[in-house]
Structures are given as structure tokens and as C-alpha cells.
Amino acid sequence: MSDVPYKLASRISHPENTIVKVKDVEVGGKKIVVMAGPCAVESEAQLFAAAKAVKEAGASVLRASAYKPRSSPYSFQGLGEDGLKLIKKAGQEFGLVTETEVVDTRDVTLVAGYVDVLRVGARNMQNFALLKEVGKAGKPAILKNGIASTIEEFLLAAEYIMSEGNPNVILCYRGIKSFEPKIRFPLDAAAIPLLKELTHLPVIADPSHSTGKQSLVGPVSKAAISAGADGLMIEVHPRPGEAKSDKAQQLLPAQFSKFMEELGPVARAVGREL
Ligand code: PEP
Ligand code: MN
């Protein structure tokens, strides 16, 4: 146990929970932090409608991507810097902390200039050059697990960011690939308490990208909170049917506010607040 390869991320080197503070938001404390917003920034009207809805329902962080790592080069790739400008504007307008994905080492400084938290997505979990740049960027980071990565590889990826001088890493567990085609990336509830045993870093869960299906997001979120997750990442879109990516999993604003109401008692049942 003492010879774990992830030194800085390990609970052994740091027995206390790490709380990542971003403006007035603390990830890893008593309060469950909900990060919500559209899969991708598509327009100012779309992003602002989502931001307003998630703020009113109690989310504290706006999630939205301006750079999309898509399986097909012909799919919508995101609005790039124009999208970053809209995320910054929406964060200011609605009083939300902002986060977004960075997919390219060449964009890290640019992205860090617009948002509060940098996200490394599942497909880049082992992009070591990107992890190192994110480690140097001077902003907290959300690191998602790779779709076929082990927990040890996940923690070693966090170690890459931390070893460049960035202790503010939030792990986001978003499930892994399995043989079951009806659930995109099954989220193993056991991974959450196991991660919390092995590391002091905060752990959030992403039931949207795990399930890929609107109706499963609420139940899997409740499971993640019950299992000890410190927060959730949830996709919300004013018109999910018209979304340019991830149509099937994005919640409508009304569904999201109902979701937040239902989450409160679950959080309190496990000694947390929402
Ligand atoms: C996302 O959160 O926008 C995303 C693409 O998720 P993942 O990297 O987990 O697939
Ligand atoms: Mn998405």
C-alpha cells in the first residue's frame, strides 16, 4: 500500500480530504456541488437559457463545451473561442463558476483565460502532454476517467496534473465501456467509495455521459450521491431534441429542477447538503 505509484494523489501522502475551492464553490466539502449545462455551446440564446435554468434550480457551476472531441470528424466540433466567450459571459450574467473542456495542448492558455476550471475529457485522460499543460495552467482541473481505463491509470493521470504543481484536481467518474449496448458507459457505484479510499481528491460523477439516456440520469445520480460522490455533472439543454450533440441524455430545464428537488433528501440521508 505504501508503494502506490500515485504519490501526490494518494490518501497515504495526504490523509485529509482535499477541498477544491473555486470562487465561492467548494468541491469536496459537505455540500454536493452540481455542475450543469449543455453538452456544447451552440448559441448565446441556447447557453443563456440553460445557464438561467440551472442557476435557478440550484447548480453552482456552469458546464458547457466549446471544443468537442467527436467520434466522427464530420460531427459538430464546437464553436471554439466564440464559445469560450459565451461561457464567460454566461458565468458573469448568472453568477456561476464556469468550466469547459480543453482538448488540445495548444489551447490550454487560451481556455484558461476564459473559464474558472479546465476539464480533461475521457478521450484525453492519457494525453500526457495535455495533462502536463493543464498542470501548469494555474486553474483547478476536472479530470474524467478514460472509457477503458483502470482506477490506477485514472489516479496516475491525476498525478500527471498534480506533479506539474496543480493540487486542485477534481476526479469525475463517468463510467467505462462494457459489453452492454443499452447503457453507454456503465457507472460502477463501487468505484466512487474505492476512489475515495485511495485518494484525498474530490470525486464527482457524470450520470449524463454514463447512461446516455435522460430517464436514467436521475436514478444514477441518486446512486452516485448515496455512494459518496462530492458532486455531479449533468447535461441540461433548453431543447434537447435540437441539440447538436448528446440529444438523448440532456435534461429539459423543468426536468432538471425536479431532479434537484429529488436529490435533496438523498444528499441529507448520507449526511450531505445540496
Ligand atoms: C463532456 O463532458 O462534454 C464529455 C465529452 O464527456 P466525456 O469526456 O466523459 O465523454
Ligand atoms: Mn455531452
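Quick note: structure is the one above.
So, how was this worked out
- Residues numbered from 1 in each chain as written.
- Chains lettered and ligands numbered in written order.
- Predicted model: local features only at pLDDT ≥ 70, side-chain atom pairs only at ≥ 80, totals over all residues.
- Heavy atoms only, no water.
- Near = heavy atom within 4 Å.
- Polar contact = N/O pair within 3.5 Å; in protein donor to acceptor, adjacent residues only side chain to side chain.
- Nonpolar A, V, L, I, M, F, W, Y, C, P; charged D, E, K, R; others polar.
- Helix = DSSP H or I, 4+ residues; strand = E, 2+ residues; numbered from the N terminus.
- Salt bridge = Lys/Arg side-chain N within 4 Å of Asp/Glu carboxyl O.
- Buried < 20%, exposed > 50% of the residue type's maximum accessible area, 1.4 Å probe, protein only.
- Contact = heavy atoms within 4.5 Å.
- Core = buried A, V, L, I, M, F, W, Y, C linked by side-chain atoms within 4.5 Å.
- Axes fitted to C-alpha atoms, helices over the stretch in contact; angles between N-to-C directions.
- Parallel < 35°, antiparallel > 145°, perpendicular 65-115°, else oblique.
- Left-handed = near helix turned anticlockwise from the far one by under 90°.
- Expected span 1.5 Å × (residues − 1).
- Arc of directions from axis to C-beta.

Novice: How do you make sense of the site of ligand 1 when you look at a structure like this?
Specialist: What surrounds ligand 1 is the set Arg63, Ser65, Lys68, Glu101, Arg119, Gly121, Ala122, Arg123, Lys144, Arg174 and His209. Between an oxygen atom of ligand 1 and a side-chain N or O atom of Arg174, the distance comes to 2.6 Å. Broken down by class, the residue content of the shell around ligand 1 amounts to one nonpolar, three polar and seven charged.

Novice: How do you make sense of unusual backbone geometry when you look at a structure like this?
Specialist: Negative phi is the rule for most residues except glycine; trans is the rule for most peptide bonds. You will see that Lys23, though not glycine, has its phi angle at about 50 degrees, which is positive. Within the secondary structure, Lys23 is located in the loop between β1 (20-22) and β2 (25-27).

Novice: Is there a simple way to explain the pattern of salt bridges in this structure?
Specialist: In a structure, side chains of opposite charge can pair up when their charged atoms sit close to one another. As enumerated under the stated definition, the model contains 15 salt bridges in all. A salt bridge links Lys136 to Glu133; its shortest N-O distance comes to 3.4 Å. A residue pair is termed a helical-turn pair when its members lie 3 or 4 positions apart in one helix, as Lys136 and Glu133 do in helix α4 (residues 128-136) at three residues. Taking the shortest distance from any N to any O, the salt bridge between Glu262 and Lys222 comes out at 2.8 Å. On the criterion of sequence distance, the pair formed by Glu262 in helix α9 (residues 253-269) and Lys222 in helix α8 (residues 214-226) is long-range, its members being 40 residues apart. For Glu262, a relative accessible area of 32% corresponds to the partly exposed category.

Novice: How should the environment of Thr100 be read in this particular structure?
Specialist: Assignment of secondary structure puts Thr100 in strand β5 (residues 97-101). Sequence separation between Thr100 and Ser65 is 35 residues, and the spatial gap between their C-alpha atoms is 5.1 Å. The residues contacting Thr100, other than those within four sequence positions of it, are Ala64, Ser65, Ala66, Leu84, Ile87, Val111, Val115, Val117, Leu118 and Arg119. Within polar-contact distance, the side chain of Thr100 engages the backbone oxygen of Ala64 at 2.5 Å.

Novice: What am I meant to see in the nonpolar core here?
Specialist: Nonpolar side chains in soluble globular proteins generally cluster together in the buried interior. Judged by nonpolar contacts, the single largest core of 69 residues is most densely connected at Leu143, Leu171, Ile234 and Phe256. Aside from chain neighbours lying at most four places away, what touches Leu143 is Val120, Met125, Leu131, Phe154, Ala157, Ala158, Ile161, Val169, Ile170, Leu171 and Cys172. If you look at the next biggest cluster of nonpolar residues, it comprises 14 residues, including Val20, Ile170, Cys172 and Ile204.

Novice: Explanation requested: the side chain of Ser149 in the structure shown.
Specialist: With respect to the helices and strands, Ser149 occurs in the loop between β7 (141-144) and α5 (151-163). In this structure the side chain of Ser149 is engaged in a polar contact, spanning 3.1 Å, whose partner is the backbone oxygen of Gly146. For Ser149, the contacting residues outside a window of four places in its chain are Met125 and Ile176.

Novice: Even after reading the chapter, I still don't get the packing of α8 against α9, so can you show me in this structure?
Specialist: Packed helices, taken two at a time, are described by their axes: the angle between them and the distance between them. Close contact between α8 and α9 brings their axes to 10 Å; oriented N to C, the two are set at 25 degrees. The angle between α8 and α9 falls in the class roughly parallel. For the pair α8 and α9, the crossing hand works out as right-handed. Along its contact with α8, which presents Gln214, Val217, Gly218, Ser221, Lys222, Ile225 and Ser226, the element α9 presents Gln255, Phe259, Glu262, Leu263, Val266 and Ala267. Here the contact of α8 with α9 is built from residues that sort into six nonpolar, five polar and two charged.

Novice: Is there a simple way to explain helix α2 (residues 81-94) in this structure?
Specialist: Within an α-helix, residues lying three or four positions from one another point in the same direction, as the helix has 3.6 residues per turn. Look at α2: 20 Å from first C-alpha to last across 14 residues, which is about the 20 Å you get at 1.5 Å a residue. Within the sequence span of α2, burial applies to Gly83, Leu84, Leu86, Ile87, Ala90, Gly91 and Phe94. For α2, the angular spread of the buried residues around the axis is 160 degrees, confining them to a single face. Exposed positions of α2 whose direction lies more than 90 degrees from the buried face are Asp82, Gln92 and Glu93.

These figures capture arrangement, not role.
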